[in-house]
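# Geometric and topological summary
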Amino acid sequence: AQSVAQPEDQVNVAEGNPLTVKCTYSVSGNPYLFWYVQYPNRGLQFLLKYITGDNLVKGSYGFEAEFNKSQTSFHLKKPSALVSDSALYFCAVRDITTSGTYKYIFGTGTRLKVLA
Amino acid sequence: DGGITQSPKYLFRKEGQNVTLSCEQNLNHDAMYWYRQDPGQGLRLIYYSQIVNDFQKGDIAEGYSVSREKKESFPLTVTSAQKNPTAFYLCASSHPRTSGGGYEQFFGPGTRLTVL
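## Here's the deal with the overall build of chain B
The helix and strand tally for chain B stands at 0 helices and 11 strands. What you see in chain B, going N to C, is helices and strands ordered as β-β-β-β-β-β-β-β-β-β-β. Taking 13 Å as the expected radius of gyration for a compact globule of 116 residues, we find that chain B reaches 14 Å, a close match to that expectation. Each of the three principal axes of chain B carries a C-alpha extent, and together these read 45 × 25 × 25 Å. In chain B, buried positions account for 52% of the 116 residues. Taking the contacts inside chain B whose residues are at least 6 apart along the sequence as the reference set, 54% of them involve residues at least 24 apart. On chain B, the mean spot of the 12 positive side-chain charges and the mean spot of the 11 negative ones are 6 Å from each other.

As structure tokens, this is what we get:
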């Protein structure tokens, strides 16, 4: 079965410093990987995805992620953090069931806190 | 504007009552999903539907029911059989799998259900 892991419950970073939020995955076949952000009491917003192609994927709000097949990782990065980036971040992978339907497996989330 | 709407934003239920959460989308997406979010547990899949008049159980379907009579609508009923329904409920949709693109999910703003 497909799975994703976010090993850090919380990440603290100073404003202006680079940030990394980690995600590792376990899939059979080619992974379809996603990052989402959630602000308090809101739904999730899509940030970026890796389907195929370049390993470095650029997304919304200056975020990017690097797909690393050998390390089975898809870490989210941003060169310079903003206080407004403080939120809950989720990594997800798309799963294809034995009946041919599609569902998504989410990590447990990482809370990012950017300190002024 | 295209998007997903959920209503109500807040819902209070008494013990023994069934309640129905609304989810509507105008994105022309075939697939729709219901998730439950509890603190520290990420998103857990309740039910999902790939096409009208068809749906599948997710990981925590017990005590919930759904219907998919229209492409745009995927209501979730929380029955009295669900022993601990207090949570944040999120609805999502995704591009048709035959579209050749997309794959990411679009989320509604959520409904917070509290059992009194």
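## Some details on the interface of chain A and chain B
At the interface, 23 residues of chain A touch 23 residues of chain B. There are 8 residue pairs in polar contact (both at pLDDT 80 or more) connecting chain A and chain B. Elements represented by at least two residues in the side of chain A that touches chain B include exactly strand 5 (33–38), strand 6 (44–50), strand 10 (87–96) and strand 11 (102–106) of chain A. Ranked by the residues each element gives to the side of chain A that touches chain B, the list is headed by strand 11 of chain A, at 4 residues. Residue classes in the side of chain A that touches chain B are distributed as 11 nonpolar, 8 polar and 4 charged.

## A closer look at the packing of aromatic side chains
Evaluated as defined, the whole model comprises 18 aromatic pairs over all chains. Each ring, one from B:Tyr64 and one from B:Tyr89, has its centre 5.9 Å from the other, and the planes form 65°; the classification is edge-to-face. Remark: B:Tyr89 occurs in strand 9 (residues 87–94) and B:Tyr64 occurs in strand 7 (residues 64–66); sequence separation between them is 25 residues. An identical accessibility class is assigned to B:Tyr64 and B:Tyr89; each is buried. Pairwise contacts between aromatic rings join A:Phe34, A:Tyr36, A:Phe46, A:Phe90, A:Tyr104, A:Phe106, B:Tyr33, B:Tyr35, B:Tyr48 and B:Phe107 into one cluster. Looking at A:Lys78, its charged tip hangs above the ring of A:Phe63, at a distance of 5.0 Å from the centre. Its end group placed over the ring of B:Phe74, B:Arg68 keeps NZ or CZ at 5.9 Å from the ring centre.

## Comments concerning the nonpolar core
By size, the foremost hydrophobic cluster in this structure holds 27 residues, and its most contacted members are A:Trp35, A:Leu47, A:Leu48, A:Phe74, A:Leu76 and A:Tyr89. Contributions of two or more residues to this core are made by strand 2 (10–14), strand 3 (19–21), strand 5, strand 6, strand 8 (64–68), strand 9 (73–78), strand 10 and strand 12 (110–115) of chain A. Looking at which element gives the most residues to this core, the answer is strand 10 of chain A, with 4 residues. Setting aside residues no more than four positions away along its own chain, A:Tyr89 makes contact with A:Gln6, A:Trp35, A:Tyr36, A:Val37, A:Leu47, A:Phe63, A:Leu76, A:Gly109, A:Thr110 and A:Leu112. If you look at the next biggest cluster of nonpolar residues, it comprises 21 residues, including A:Ile51, B:Phe88, B:Ala92 and B:Phe107.

## Description of the pattern of salt bridges
Under the definition given, this model contains 6 salt bridges over all chains. A salt bridge links B:Glu104 to A:Lys49; the nearest nitrogen and oxygen atoms lie 2.8 Å apart. One end of the pair, B:Glu104, is in the loop between strand 9 and strand 10 (105–107); the other, A:Lys49, is in strand 6, on a second chain. Look at A:Lys49 and you get partly exposed, because its relative accessible area is 24%. Across the pair B:Lys71 and B:Asp30 runs a salt bridge, and its minimum N-O distance is 3.3 Å. With B:Lys71 in the loop between strand 7 and strand 8 (76–78) and B:Asp30 in the loop between strand 3 (19–25) and strand 4 (31–37), this pair connects stretches of sequence that are 41 residues apart. With a relative accessible area of 23%, B:Lys71 lands in the partly exposed category. What you see here is one network of salt bridges that share partners, running through B:Arg36, B:Asp38 and B:Arg44.

## Details of the environment of B:Tyr35
Following the sequence through the fold, B:Tyr35 ends up in strand 4. Classification of B:Tyr35 as buried rests on a relative accessible area of 1%. Considered as a pair, B:Tyr35 and B:Arg112 are 77 residues apart in the sequence and their alpha carbons are 12 Å apart. Excluding anything up to four places from it in sequence, B:Tyr35 contacts A:Tyr104, A:Phe106, B:Leu43, B:Arg44, B:Leu45, B:Ile46, B:Phe88, B:Tyr89, B:Leu90, B:Ala92, B:Gln105 and B:Phe107. A distance of 3.0 Å separates polar atoms of two side chains, one belonging to B:Tyr35 and the other to B:Gln105.

Reading the values: rules and limits
- Residues numbered from 1 in each chain as written.
- Chains lettered and ligands numbered in written order.
- Predicted model: local features only at pLDDT ≥ 70, side-chain atom pairs only at ≥ 80, totals over all residues.
- Heavy atoms only, no water.
- Helix = DSSP H or I, 4+ residues; strand = E, 2+ residues; numbered from the N terminus.
- Rg over C-alpha atoms; globule rule 2.2 N^0.38 Å.
- Buried < 20%, exposed > 50% of the residue type's maximum accessible area, 1.4 Å probe, protein only.
- Contact = heavy atoms within 4.5 Å.
- Lys, Arg positive; Asp, Glu negative; His and termini not counted.
- Charge placed at Lys NZ, Arg CZ, Asp CG, Glu CD.
- Polar contact = N/O pair within 3.5 Å; in protein donor to acceptor, adjacent residues only side chain to side chain.
- Nonpolar A, V, L, I, M, F, W, Y, C, P; charged D, E, K, R; others polar.
- Phe/Tyr/Trp six-rings, centres within 6.5 Å; stacked < 30°, edge-to-face > 60°.
- Lys NZ or Arg CZ within 6 Å of the ring centre and 35° of its normal.
- Core = buried A, V, L, I, M, F, W, Y, C linked by side-chain atoms within 4.5 Å.
- Salt bridge = Lys/Arg side-chain N within 4 Å of Asp/Glu carboxyl O.

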